[in-house]
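Tertiary structure, described
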Amino acid sequence: MSAYDHMDPAEIGRRAWKAASRAAKHMSKHSRIVNPSLEKCIPRFERSEVILGEFLGSGGFNDVYEIHRIDLVKSLEEAEHAKKIASPLQQEHRAFIAKHVFRESSQNCRYAMKFLSMDTIGDPSRFCTGAADLVVEAKFLASLEHPNIIKLRGMAAAGTSGFASME
């Protein structure tokens, strides 16, 4: 029997959000690699804007799908997290990413989206650990630039609060 057995899903989501938020704050405060100013330049997308394509694979906590299309909201009033996508810099970067989903030479999808798997979400302990792990990975990838490391091209507009509202 685990401490999560008698908790409702909303409470488990709040715990995952807290675990992810603590990990993010710790990384921002104590890491010599993580650069919050670079992270602010990464475009944010509403989940509803991203149209997924084929399943590419899975890892310990996550599933990865290609991004088939990005349909940007027509007006900020439609966006659930308008404050996070409203700046001119965000609007410019979001438009660039949406326009370049396919590689010109091959027409293959250029981007992929990684999120917690249903198995991870279904196990409260793994949900909390996976949420924190995903946030830490995003913070590192937002700050690193190297030809052998994938480049983070976008993040969820919901940020860590998205974990608290997962269904």
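Before reading further, recall that the structure is shown in the block above.
Notes on the structure follow.

What counts, and at which threshold
- Residues numbered from 1 in each chain as written.
- Predicted model: local features only at pLDDT ≥ 70, side-chain atom pairs only at ≥ 80, totals over all residues.
- Heavy atoms only, no water.
- Helix = DSSP H or I, 4+ residues; strand = E, 2+ residues; numbered from the N terminus.
- Contact = heavy atoms within 4.5 Å.
- Axes fitted to C-alpha atoms, helices over the stretch in contact; angles between N-to-C directions.
- Parallel < 35°, antiparallel > 145°, perpendicular 65-115°, else oblique.
- Left-handed = near helix turned anticlockwise from the far one by under 90°.
- Nonpolar A, V, L, I, M, F, W, Y, C, P; charged D, E, K, R; others polar.
- Phe/Tyr/Trp six-rings, centres within 6.5 Å; stacked < 30°, edge-to-face > 60°.

1. Quick notes on the environment of Gly 60
Along the chain, Gly 60 turns up in the loop between β2 (50–58) and β3 (62–70). When the C-alpha atoms of Gly 60 and Ser 117 are compared, they prove to be 8.9 Å apart, with 57 residues separating the residues in sequence. Excluding residues within four positions of it along the chain, Gly 60 makes contact with Thr 120 and Arg 126.

2. Digging into the packing of helix α1 (residues 9–30) against helix α6 (residues 124–143)
Between α1 and α6, whose axes approach to 8 Å, the crossing angle comes to 30°. Our classification of the angle between α1 and α6 gives roughly parallel. The element α1 and its partner α6 pack so that their crossing is right-handed. For the pair formed by α1 and α6, the contact residues are Ile 12, Gly 13, Arg 15, Ala 16, Ala 19, Ala 20, Ala 23, Ala 24, Met 27 and Ser 28 on the first element and Pro 124, Phe 127, Cys 128, Ala 131, Ala 132, Val 135, Val 136, Lys 139 and Phe 140 on the second. Looking at the contact of α1 with α6 residue by residue, the classes come out as 15 nonpolar, 2 polar and 2 charged.

3. Considerations on the packing of aromatic side chains
Inspection of every chain in the model, using the stated rule, returns 2 aromatic pairs. On the numbers, 5.2 Å between centres and 65° between planes, the contact of Phe 55 with Tyr 65 is edge-to-face. Note that Phe 55 is positioned in strand β2 and Tyr 65 in strand β3, a separation of 10 residues in sequence. Their ring planes at 5° and their centres at 5.8 Å tell us that Tyr 65 and Phe 115 sit as a pair that is stacked.

All we've got here are geometric facts, nothing functional implied.
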